[in-house]
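What follows is the residue order along each chain.
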Amino acid sequence: MGGANSMKYFHNCHPVVMFSYLIGVIFITMFTMNPIFIGISFLCSISFTFMLFGAKETVKSLLLAMPMIIIIALTNPLFVHKGETVLFFLNNNPMTLEAMIYGLFAALMLVSVFYWFKCYNRLMTSDKFIYLFGQVIPKLALMLSMMLNFVPKFIKQFKAVDESQKAMGIYSGSSYTDKIKCKFRVLSSLITWSLENSIETADSMKARGYGLKGRTSYSVFPWKTSDKLLMSYFGVMIIIVTVGLFTGYADFDYYPKITRMSFEIIPILLYFGGFILMFTSTIMEIKENMLWHYLKSKI
Amino acid sequence: MALLEIKNLTFKYNGGKDNALEKVNLTVNEGEFVVICGESGCGKSTLLKMLKKQLAPAGEKTGEILYDGVEVDGLQERVSVAEIGYVMQNPDNQIVTDKVWHELAFGLESMGEKTDVIRRKVAEVSGFFGINSWYRKKTSELSGGQKQLVNLASIMVMNPRLLILDEPTSQLDPIGAMEFISTLQKINIELGMTVILVEHRLEDVFPIADKVVVMDKSNILMTDTPTNIGANLRKISTHKMNLAMPTAVRIFGQLDCDCACPITIKEGKNFLKRNFENKIRSIEVQTETNENKNVALEISEGYFRYERETPDVLNNLSLKVYENEFMCILGGNGSGKTTTLKILSGLKKLYKGKLRIWGKKIKEYKGTELYKNNISFLPQNPQTLFVRSTVIEDLMEVVEILKFDKEESQKLIDEISEKLEISHLHNQHPYDLSGGEQQKVAFAKILLTRPKIILLDEPTKGMDAYSKKSLAEIIYKLKSEGMTICMVTHDIEFAGEFADRCCMFFDGQIVSSAPPIEFFSTNTYYTTSAMRISRGFFDNSITTSMVVRLCKSNNRKSN
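Engineer: Can you walk me through the overall build of chain A in this structure?
Structural biologist: When helices and strands are counted, chain A shows 11 helices and 2 strands. Starting at the N terminus and walking to the C terminus, you meet the elements of chain A as α-α-α-α-α-β-β-α-α-α-α-α-α. Taken against the 2.2 N^0.38 rule, which gives 19 Å for 299 residues, the C-alpha radius of gyration of chain A at 26 Å runs more than 25% over that of a compact globule. By its C-alpha atoms, chain A is 70 × 60 × 45 Å across when sized along the principal axes. Counting only residues that meet the buried cut, chain A has 44% of its 299 residues in that class.

Engineer: Whenever I open this one, the domain arrangement of chain B confuses me. Can you help?
Structural biologist: How large an interface is tends to be reported as the accessible area lost when its parts come together. Residues and elements named next belong to chain B. Domains assigned within chain B are domain 1 (4–224), domain 2 (235–287 + 532–559) and domain 3 (295–531). A straight line from the C-alpha centre of domain 1 to that of domain 3 covers 34 Å. The interface of domain 1 with domain 3 comprises 9 residues on the first partner and 8 residues on the second. The interface formed by domain 1 and domain 3 holds 0 salt bridges in total. Run the count over domain 1 and domain 3 and you get 4 residue pairs in polar contact (both at pLDDT 80 or more). When its residues are assigned to classes, the side of domain 1 that touches domain 3 shows 2 nonpolar, 4 polar and 3 charged.

Engineer: I would appreciate a short explanation of the state of the cysteines in the present structure.
Structural biologist: Two cysteines, two sulfur atoms, one covalent bond between them: this is a disulfide. All names here are of chain B. This structure, assessed with the given rule, holds 0 disulfides over all chains. With no disulfide of its own, Cys 259 has Cys 257 as its nearest cysteine by sulfur position, at a separation of 5.3 Å. Cysteine Cys 261 shares no disulfide, and the gap to the nearest cysteine sulfur, in Cys 259, comes to 8.2 Å. Given the relative accessible area of 4%, Cys 261 is considered buried.

Engineer: Explain the interface of chain A and chain B to me, please; I cannot follow it from the model alone.
Structural biologist: The partner chain B presents 63 residues to the 50 residues of chain A that form the contact. Carbon and sulfur atoms supply 56% of the area that chain A and chain B bury against each other, a total of about 5,100 Å² over both sides. The interface formed by chain A and chain B includes 5 salt bridges. Across the pair Lys 342 of chain B and Glu 163 of chain A runs a salt bridge, and its minimum N-O distance is 3.2 Å. Those elements that place two or more of their residues in the side of chain A that touches chain B are helix H7 (126–136), helix H8 (138–167) and helix H9 (176–207) of chain A. Among the elements that line the side of chain A that touches chain B, the one with the most residues is H8 of chain A, at 16 residues. Of the residues in the side of chain A that touches chain B, the class split is 19 nonpolar, 18 polar and 13 charged.

Engineer: Before we go on, may I ask you to explain the pattern of salt bridges in this structure?
Structural biologist: Pairing of side chains with opposite charge becomes possible as their charged atoms draw close. By the definition in use, this model includes 32 salt bridges over all chains. Between Glu 57 of chain A and Lys 118 of chain A there is a salt bridge, and its shortest N-O distance comes to 3.2 Å. A residue pair is termed long-range when its members are at least 10 positions apart, and Glu 57 of chain A in helix H5 (residues 55–79) and Lys 118 of chain A in helix H6 (residues 97–123) qualify at 61 residues. What makes Lys 118 of chain A buried here is its relative accessible area of 16%. Here Lys 279 of chain B and Glu 277 of chain B are joined by a salt bridge, their closest N and O atoms 3.5 Å apart. Using a relative accessible area of 23% as the deciding quantity, one classes Glu 277 of chain B as partly exposed. The network of salt bridges with shared partners includes Arg 185 of chain A together with Arg 388, Asp 394, Glu 397 and Lys 445 of chain B.

Engineer: What am I meant to see in the packing of H8 of chain A against H9 of chain A here?
Structural biologist: When two helices pack together, their arrangement is captured by the angle between the axes and the distance separating the axes. Residue and element names in this part refer to chain A. Packing of H8 against H9 brings their axes to within 10 Å, and their N-to-C directions diverge by 135°. By the angle between their axes, H8 is oblique relative to H9. Two packed elements cross with a definite hand, and for H8 against H9 that hand is right-handed. In this structure, H8 contributes Leu 142, Met 146, Phe 150, Lys 153, Phe 154, Gln 157, Phe 158, Val 161, Asp 162 and Gln 165 to the contact, and H9 contributes Lys 183, Arg 185, Val 186, Leu 187, Ser 189, Leu 190, Trp 193, Ser 194 and Met 205. Taken together, the residues of the contact of H8 with H9 sort by class into 11 nonpolar, 4 polar and 4 charged.

Engineer: Hey, could you run me through the packing of helix H4 (residues 100–110) of chain B against helix H5 (residues 115–129) of chain B in this one?
Structural biologist: Residue and element names in this part refer to chain B. Two numbers describe how H4 lies on H5: the axes approach to 10 Å, and their chain directions differ by 140°. With respect to their mutual orientation, H4 and H5 come out oblique. In this structure, the crossing between H4 and H5 has a hand that is right-handed. The segment H4 lies against H5, with Leu 104, Ala 105, Leu 108 and Glu 109 engaging Ile 118, Lys 121, Val 122 and Ser 126. Among the residues forming the contact of H4 with H5, the class breakdown is 5 nonpolar, 1 polar and 2 charged.

Engineer: Where do I start with the side chain of Asp 464 of chain B in this structure?
Structural biologist: All names here are of chain B. Residue position: Asp 464 is located in the loop between strand S17 (453–457) and helix H16 (465–480). Among buried charged residues, Asp 464 stands out as having no salt bridge; its nearest opposite-charge side chain is Lys 44, 5.8 Å away. At a separation of 2.8 Å, a polar atom in the side chain of Asp 464 contacts the main-chain amide nitrogen of Ser 40. Not counting residues within four places of it along the chain, the set of residues in contact with Asp 464 comprises Glu 39, Ser 40 and His 200.

Engineer: For this particular structure, what's the right way to read the packing of aromatic side chains?
Structural biologist: The description of an aromatic ring pair uses the distance of the two centres, along with the angle that the planes make with each other. Counting across every chain of the model gives 33 aromatic pairs over all chains. Each ring, one from Tyr 9 of chain A and one from Phe 10 of chain A, has its centre 6.1 Å from the other, and the planes form 70°; the classification is edge-to-face. Across this residue pair, the class does not change: Tyr 9 of chain A and Phe 10 of chain A are buried. Ring centres of Phe 252 of chain A and Tyr 254 of chain A lie 5.1 Å apart, and the angle between their planes is 70°; on these two criteria the pair is classed as edge-to-face. Among the residues examined, Phe 252 of chain A registers a relative accessible area of 14% and is labelled buried. Through successive ring pairs, a cluster of aromatic residues spans Tyr 9, Phe 10, Tyr 21, Phe 48, Trp 116, Tyr 233 and Phe 234 of chain A. A cation over an aromatic ring shows up here: Lys 118 of chain A above the ring of Phe 53 of chain A, its NZ or CZ 4.7 Å from the ring centre. Geometry around Phe 106 of chain B places Arg 215 of chain A over its ring, the cationic atom sitting 4.6 Å from the centre.

Engineer: Could you clarify how one ought to interpret the pairing of strand S16 (residues 375–378) of chain B in this entry?
Structural biologist: In summary, the side chains of a regular strand alternate between the two faces of the sheet. All names here are of chain B. Going residue by residue along S16, you find Ile 375 and Phe 377 tucked away on one face and Ser 376 and Leu 378 tucked away on the opposite face as well. When S16 meets S17, the two strands line up parallel, connected through 4 bridges. Residue pairing in the sheet places Phe 377 in a bridge with Leu 455 of S17.

Engineer: Any chance you could explain unusual backbone geometry here in plain terms?
Structural biologist: Trans is the prevailing form of peptide bonds, just as negative phi is the prevailing case for residues other than glycine. With omega at -10°, the peptide bond leading from Tyr 255 of chain A into Pro 256 of chain A counts as cis. Within the secondary structure, Pro 256 of chain A is located in the loop between helix H10 (225–246) and helix H11 (265–298). Residues other than glycine seldom take positive phi values, yet Lys 23 of chain B does so here, at roughly 45°. Note that Lys 23 of chain B resides in strand S2 (residues 21–28).

Engineer: So what exactly am I meant to see when it comes to H5 of chain A here?
Structural biologist: Side chains three or four residues apart in an α-helix point the same way, a direct result of the helix having 3.6 residues per turn. Residue and element names in this part refer to chain A. Compared with the 36 Å implied by 1.5 Å per residue over 25 residues, the 36 Å span of H5 between its first and last C-alpha is a close match. All buried positions along H5 are accounted for by Thr 58, Ser 61, Leu 62, Ala 65, Ile 69, Ala 73, Asn 76 and Pro 77. Those residues of H5 that are buried lie in contact with helix H4 (35–53), strand S2 (93–96) and H6.

Engineer: Please explain the pairing of strand S1 (residues 86–90) of chain A as it appears in this structure.
Structural biologist: Relative to S2 of chain A, S1 of chain A is paired through 4 bridges, and the arrangement is antiparallel. Bridge pairing in S2 of chain A places Phe 89 of chain A opposite Pro 94 of chain A.

Engineer: Help me understand the sheet that holds S2 of chain B in this model?
Structural biologist: Within a beta sheet, neighbouring strands are joined by backbone hydrogen bonds and run either parallel or antiparallel to one another. Residue and element names in this part refer to chain B. What the 4 strands build is an open sheet, ordered S2-S1-S4-S5; its pairing is antiparallel. Lying at the two open borders of the sheet, with one neighbouring strand each, are S2 and strand S5 (70–71). Sheet topology places strand S1 (residues 4–13) next to strand S4 (residues 59–67); 8 bridges connect them, and they run antiparallel. Opposite Glu 5, over in S4, you have Leu 66 as the bridge partner.

Criteria and thresholds
- Residues numbered from 1 in each chain as written.
- Chains lettered and ligands numbered in written order.
- Predicted model: local features only at pLDDT ≥ 70, side-chain atom pairs only at ≥ 80, totals over all residues.
- Heavy atoms only, no water.
- Helix = DSSP H or I, 4+ residues; strand = E, 2+ residues; numbered from the N terminus.
- Rg over C-alpha atoms; globule rule 2.2 N^0.38 Å.
- Buried < 20%, exposed > 50% of the residue type's maximum accessible area, 1.4 Å probe, protein only.
- Domains from an automatic or database assignment.
- Contact = heavy atoms within 4.5 Å.
- Salt bridge = Lys/Arg side-chain N within 4 Å of Asp/Glu carboxyl O.
- Polar contact = N/O pair within 3.5 Å; in protein donor to acceptor, adjacent residues only side chain to side chain.
- Nonpolar A, V, L, I, M, F, W, Y, C, P; charged D, E, K, R; others polar.
- Disulfide = S-S within 2.5 Å.
- Buried area = accessible area lost by both parts, 1.4 Å probe.
- Axes fitted to C-alpha atoms, helices over the stretch in contact; angles between N-to-C directions.
- Parallel < 35°, antiparallel > 145°, perpendicular 65-115°, else oblique.
- Left-handed = near helix turned anticlockwise from the far one by under 90°.
- Lys, Arg positive; Asp, Glu negative; His and termini not counted.
- Phe/Tyr/Trp six-rings, centres within 6.5 Å; stacked < 30°, edge-to-face > 60°.
- Lys NZ or Arg CZ within 6 Å of the ring centre and 35° of its normal.
- Pairing = 2+ DSSP bridges.
- Expected span 1.5 Å × (residues − 1).

Here you go:
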């Protein structure tokens, strides 16, 4: 953690803000097939990925994503034969332009969602995740936290037992079944080990009052003024865009014929709103970078 | 009034045969630093657990434990939770959550404190214990010493009046242990906190204790100031606990001078100067030479690293272990000692350099050849060797896999069990044994492979003085049978007393290697307590018994 994330605006803002924003954006992207919306989401997700991961990583992942988009676009007509504009016939099945374009945008939509999730994964560290859950189900959050503490311990012990057994010459049996048997024995001994040790953990919890009535849940994430402002801004924007999409202003059909783009005032405002919402994350990171450079130049 | 008063406490575990505690009486005043010592299994931990209602074991109890005038069983839950803090032995098992900050807040969350109260208290405690810089770290990434410090801080954050610690440093390396003890001293002196500490390593804690309690088989043998304890123990000089005392006390205990018992190194030095002449300055010792001996293990110009990008752990390491010697490898944390053992046992491979076992390259050993009748490795945690549900099954498994025939293997198991005195443990679960017993069973398990070379990784960790002595006896027994033993340890005193040769590991290589007397008498900082006490007064007396012998052979000063 640390280095890579520390100077990112979204890393330092309140988890609820970050979570609602990304989930909102992902949902909007998933529930529309409007090509302009998908295009906006695609570009914004990539620019945000660029801000969080840097150029090298972004280009690398794009090199993987691009062929995938092309393949989906090209193969969709093989399965879907709807659409009016027939390009050619393959095995007596019509390959249509509409199906191909639908495939292209469906692929773009998938890839954008993938990129948003990539950002989500980078920003949503375990403690933020636990905090979010803790707001709803405190017990579950504690359990998660305990599990995350237990897993590295378990792996460490597994390695230690494994090595000890190896140095006894017990693994050196040549056949695969022998090896699997040995690993299995190690695992079963680890279950005893973890039960044994969990008694002490339970004691340590009891000794610190676990089980008393009225347990609270502490977090290291304060609500800053900027978080509140950003949250209300995101809330309003997400609601506006969602309502706009649901009222059908940006509906778009691919079959049997591709809808003509309407350039009336309301759809244009809707596209603009969507763009502002999705591009805000990138803007915030750019702002943070500039601020940093400015402060540095002052030193 | 006393903060804690134990009157005639007798306790028997449910299903236990004998009383775990018998007629224990103890008074602890506010602000006192009390150290409880005694052999493993003498009831120290039971006594501590009885003091905290939430941890009290089930059993029959008579007598009283009064905390602030109230019987502990009758204390309000919240009072008992917050005011009586309890730190346990194992640093890992006490940690509940995955982040340091969450661990610190855990107790306060249980108490139902508000977020801003918790934030303030956690901040205060982090400052006091110097946790600030790793406040947001994962608990699994901390070192043992840091973990134990978090455990202590997560208790201190609840603002206790009485702090109880059960062997908190036994799993730590010497530096971590020393830091932990000095933090305890800081808490005691700067905050006036009442501390009850159970410890095996008394060298560091004796000087800071107000009161020492010596326990002996379920009851208290004596309770007094450290100085008086030293004087009183001398009167029963055959008692086992004499072994566990700090070096200065042990030297005093074997001489009959009528002065106050020295506790620290400084006092020990003064004690020698004031009471003895030093006309005879050293003991003649013959040292064996290794010249004509076979080389059992040899690493020449070895290099090793765990990953490609990480720095070398072993860096031009050259090492020889001769046949039938007991060699100790000493050195600080992370200097590559344990890695060396892993290389020697074939678990890891050098990326450059050669490893020869009995003059043969390690590659030339095929299959189980390396481990059968040749090398055995006893890991730091003996528990990692146990994979079955009884001791005998665990032992049987080895002979089955190494394919000894039935009769022979039964004989072998019996023979080894007898030698290590573990026959009576055969039907128990390995995890139910005490630390010392576990180690003996682990020893038995590796001896079943009939090794010629035994590698030991910090076997004295967490052991009391008496178990260390019996470990040394086992090692000597094996040596007399012709085995070669190579041991990695932090335990300077143990190496000084028992090893044939000591090696100092630093920065991935061995910087010095010599028989203990030569090794420790030329070191200034990294040396035994007896050497530090007698330096400049006697030459090359590195163990307590050598100092005592020299004192006895010199004349007493008349003062």
